[in-house]
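Chains, contacts and geometry: an overview
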Amino acid sequence: MRLPDSPLLQDFWPALATAPTAALLLDYDGTLAPFHIDPAEARPYPGVEPLLDRIGRLEKDRLVIISGRALDTLCPLLRLHVQPEFWGCHGRERRLPDGRHSFTPLSDTAQQALAEAESWTATVTALGGRVERKPGSLAFHWRGLAPGHQRALERDLETRFAALAQAGALQWHAFDGGIELRAPGCNKGQAVRQVLGELGEGACVAYLGDDHTDEDAFRALAGRGLRVLLRPKWRATAADLWLRPPEGLRAFLARWADIRERVR
């Protein structure tokens, strides 16, 4: 697939070719991999991992995966020869390529609120939903349910969230296929800002994402790099460019690798 003949890309590729360093930042679910009812089965699109390996081998560049998943469920899904930098739980967890790991702790009130929300599990599963437990959040999934059942589950969760004893200790975040109750203080935008702060002068940066949670990252990158919305259907976004997966993703990764492999 050819990439769109966009003026933004016409400016971006020459900048990438001459930049002393570069960083490619990517979401996982919906971006590198199609959504799956069972998140453990959400493997990357065919052909994506070899392209990521090419980019991961570039000595002057950084490959960074920024996901809402917990790292213990995210890292095994990418079978790469060269380990990238991982951010999990919307930036609460970080694992560097050398294996060093860091975690931003939760407040006591957030932990108490998550424990209360954990008690909703039986009702959620009875309504057909699924619960994903992460450090710092609980995600309630309804992907695959009939629309009426989805709405019934969402209404039940809205009612319970409104009555949560520790008001303000958790934030409600909608995503494609469910909602997440998340302790405040971390989001993908903060992860992007930290990576930007660590890059040297003149670095060329791009972020690819699909979901509403990626909007924080797009806003953080405003004026600092290329922001790409990667999803089958257009939606309102702060991104600069829209590509459809998987063809658009593979074409973008291949062009990035081709250009940066020629940089000396």
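Structure's up top.
Notes on the structure follow. Remember, predicted model here, so these are calculated numbers, not experimental data. (Residues numbered from 1 in each chain as written. Predicted model: local features only at pLDDT ≥ 70, side-chain atom pairs only at ≥ 80, totals over all residues. Heavy atoms only, no water.)

1. Quick notes on the side chain of aspartate 61
Basically, it comes down to this: In this text, helices come from DSSP runs of H or I with a minimum length of four residues, and strands from runs of E with a minimum of two, each type numbered from the N-terminal end. Exposure is judged per residue with a 1.4 Å probe applied to protein chains only, and the accessible area is read against the type maximum: over 50% gives exposed, under 20% gives buried, and values in between give partly exposed. For this analysis, a polar contact is any N or O atom pair within 3.5 Å, provided that within protein one partner can donate a hydrogen and the other can accept it, and provided that sequence-adjacent residues contribute only side-chain to side-chain pairs. When checking whether two residues touch, look at their non-hydrogen atoms; a contact exists if any pair is within 4.5 Å.
Turning to its location among the elements, aspartate 61 is positioned in strand E2 (residues 61–66). Residue aspartate 61 is classed as buried on the basis of its relative accessible area, which comes to 11%. Here the side chain of aspartate 61 touches arginine 260 through a polar contact of 2.7 Å, side chain to side chain. Ignoring any residue separated from it by four or fewer positions in sequence, one finds aspartate 61 in contact with Thr21, Ala22, Trp256 and Arg260.

2. Looking at the sheet that holds E2
Put simply, the rule reads: Only strands that DSSP links by at least two bridges are regarded as paired with each other. Axis lines are fitted to C-alpha atoms, over the contacting stretch for helices. Their N-to-C directions set the angle, which ranges from 0 to 180 degrees.
Across the sheet, 8 strands lie side by side as E5-E4-E3-E2-E1-E10-E11-E12; this open sheet has mixed pairing. Looking at which strands have only one partner, the edges of the open sheet turn out to be strand E5 (101–103) and strand E12 (241–243). Within the sheet, the average angular offset between the axes of one strand and its neighbour, ignoring direction, is 15°. Its contacts with the sheet place helix H1 (residues 7–18) against strand E1 (22–26), strand E10 (204–209), strand E11 (226–230) and E12, and it is angled at close to 130° to E10. With respect to the sheet, helix H7 (residues 188–198) is in contact with E1, E2, strand E3 (85–88), strand E4 (93–95) and E10, its orientation differing from that of E2 by roughly 170°.

3. Some thoughts on the nonpolar core
To keep things clear, this is the line we draw: Only buried residues count toward a nonpolar core, which is a set of Ala, Val, Leu, Ile, Met, Phe, Trp, Tyr and Cys residues joined through side-chain atoms within 4.5 Å.
Ranked by size, the top nonpolar core spans 42 residues in total, and within it Leu24, Phe252 and Trp256 carry the most contacts. If you tally residues by element for this core, the top one is helix H9 (residues 247–260), at 7 residues. In contact with phenylalanine 252, other than residues within four places in its own chain, are Leu3, Leu9, Phe12, Trp13, Leu24, Ala206, Leu208, Leu226, Val228 and Leu243.

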